[in-house]
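Tertiary structure, described
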Amino acid sequence: MQLSSIGRRIAAGALAVMAATLGLLVLERPTPASAHGSVTDPPSRNYGCWARWGSDFQNPRMADTDPMCAQAWQANPNTMWNWNGLYREGVAGNHQAAIPDGQLCSGGRTQNGFYASLDTVGPWVAATKPDKFTLTLTDQAQHGADYLLIYITKQGFDPATQPLTWSNLELVQRTGRYAPAGQYQAQVDAGTRTGRHVIYTIWQASHLDQSYYLCSDVIFTGQGGGTSPSVSPSASKSPSKSPSPSVPPSASVPGAACTAAYTKSSEWNGGFGGNVTVTAGASISTWTVKMTFANGQTVTSFWNANLTTSGATVTATNAAYNGRLSPGQSTSFGFNGTWSGTNSPPALTCSAA
Ligand SMILES: [Cu+2]
C-alpha cells in the first residue's frame, strides 16, 4: 500500500516534470474532450462554456449574453476544449490543504493556471434547479469514483460578487464508490437554499490519486422538485421557506394556459439576476411571458428562453427545448439585468399555444 502510493507519487511527479518541460498544452491538445470528465448537469463552468459556445466561440454576442464565458475564452480557449481535464494528482484527500481560497474553481490553479479564468468572480450563467435535484458527472474515461464530495455555498453568499472560499461552502453529501461507467449520478438536497449558488464537486477518481474540482453555477427556485414535475399552479409554498424573495404567480386563473412567477435570484450594486418559472395549465407547445419593469431595469443576458425588449416590456418566448409542457409541468428561464434606485418585481403575463 505504502510503496505503491509512493511509487504513484513519484510517477505523478515525473509526469508533472515532463508536462512542465513539454508544455501541458501540447500534451492535452491532441485529445480534446476525449478523456477524463466533469460535472455536466448542472454544468461545470468550463463544460457549460464549451457546450454553449464551442461551435460558435468567436460570436461577439457572447460578451453581452455570457460575459464570464467570454472572459474565459479570451483567457485561453483550451480551458474549454479540455473541459474534462480539471484535476490534480497526489492530493491524498487533503483537498483543503491543496487548494487556496479564491482558487477553488481552477483546482488551485492546477496545471500552471490552465483553468484560472474559472475563478473569475462575476455573473456566470447558472442552471435553474429545484432544491432536490440530480447531479450528473460524465466520466468519458470510465475511471470510476472512490467518492464524490458535493458542497454547496451557504445561503447569503453571492458568487457574482465574492470569491469562493472553503468557509463559504457546506458539505451536503459524500457519496460511496461508483464502479467505472460513463456517468455517475447523485440525488442532492439543497435544503432551503434559494437564488444563486455554486455547487462544488470533488470527484476522486479510482484509477489513481487523481481528483477533479468542479464549480457548477445554479439558481435554486426553492421548489421541492424531485423526479416528477409535480408543481401545480395553485400549490402554495411551505411557510418554512419564508426567506425566499419570490412573489406569487401573477396570473393564477384556474385553467389558464400558463402562469408565470418571478424570483429575484440575486442583486448587487447596479445588477441583479431574475428567474421566471412558467407553469402550464393545459398541454401547451409554446409560451410567451411579458415582463413589464416599472423602474427602468434592463436585461443584459438571459438563458433558457429568447428575450426581446421594447421599451419597459421584455418579451420572453420559450427556447426550442422547453416550450412543450403538460398540465402542471414547469420550466424556467433566467436573466441578468441592470437597475438603479428601485428594483421592484416586473408585472408578468403568460400566454401559451
Ligand atoms: Cu482521465
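Notes on the structure in this doc start here.

Here is what the cut-offs are and how they apply
- Residues numbered from 1 in each chain as written.
- Predicted model: local features only at pLDDT ≥ 70, side-chain atom pairs only at ≥ 80, totals over all residues.
- Pairing = 2+ DSSP bridges.
- Helix = DSSP H or I, 4+ residues; strand = E, 2+ residues; numbered from the N terminus.
- Axes fitted to C-alpha atoms, helices over the stretch in contact; angles between N-to-C directions.
- Buried ≥ 20, exposed ≤ 12 C-beta atoms within 10 Å, placed from the backbone.
- Contact = placed C-beta atoms within 7 Å.
- Arc of directions from axis to C-beta.
- Core = buried A, V, L, I, M, F, W, Y, C linked by C-beta atoms within 7 Å.

1. Points about the sheet that holds strand β4 (residues 132-139)
- The strand order across the open sheet formed by three strands is β1-β4-β7, and the pairing between neighbours is antiparallel. Taken across any chain shown, the strands that pair with only one partner, and hence form the sheet edges, are β1 (37-41) and β7 (183-189). Between one strand axis and the next, the sheet turns through 25 degrees on average, direction left out of account.
- Across four bridges, β1 lies against β4 in antiparallel orientation. Note that in β4 the partner of serine 38 across the bridge is threonine 138.

2. Things to note about the pairing of strand β5 (residues 145-153)
- Where β5 lies against strand β8 (residues 195-205), seven bridges are found, and the strand directions are antiparallel. Residue pairing across strands places alanine 145 opposite alanine 205, the latter belonging to β8.
- With five bridges connecting them, β5 and strand β6 (residues 169-174) associate as antiparallel partners. Residue threonine 153 lies in a different strand from β6, and its bridge partner there is leucine 169.

3. Examining helix α3 (residues 45-53)
- With seven of nine residues buried, α3 is to be regarded as a mostly interior element.
- All buried positions along α3 are accounted for by Arg45, Asn46, Tyr47, Gly48, Cys49, Trp50 and Trp53.
- As for α3, its buried residues are in contact with β1, α4 (62-65), α5 (67-75), α6 (78-81) and β9 (210-220).

4. Concerning α5
- Taken as a whole, α5 has its buried residues at Met68, Cys69, Ala72 and Trp73. Taken down its axis, α5 places every buried residue within 135 degrees of arc, on the same side.
- Close packing links the buried residues of α5 with α3, α4 and α6.

5. Structural notes on unusual backbone geometry
- Look at the link from aspartate 41 to proline 42: it is a cis peptide, with omega at -10 degrees.
- Within the secondary structure, proline 42 sits in the loop between β1 and α3.
- A positive phi angle is found at arginine 109, which is not glycine, with a value near 50 degrees.
- For arginine 109, the position within the fold is in the loop between α7 (95-98) and α8 (110-113).
- Although it is not a glycine, glutamine 111 adopts a positive phi angle of roughly 55 degrees.
- Mapped onto the elements, glutamine 111 comes out in helix α8.

6. Some words on the nonpolar core
- Counting 51 residues, the largest nonpolar core has Cys69, Leu148, Trp203 and Tyr212 as the members making the most contacts within it.
- Secondary-structure elements contributing two or more residues to this core are α3, α5, β4, β5, β7, β8 and β9.
- In terms of residues, this core owes the most to one element, β9, which gives seven residues.
- Look past the residues within four positions of tyrosine 212 in its chain and what remains in contact with it is Ser38, Leu86, Tyr87, Ile202, Trp203 and Ala205.
- Ala260, Tyr262, Val278 and Ala280 belong to the second-largest nonpolar core, a separate cluster that totals 22 residues.

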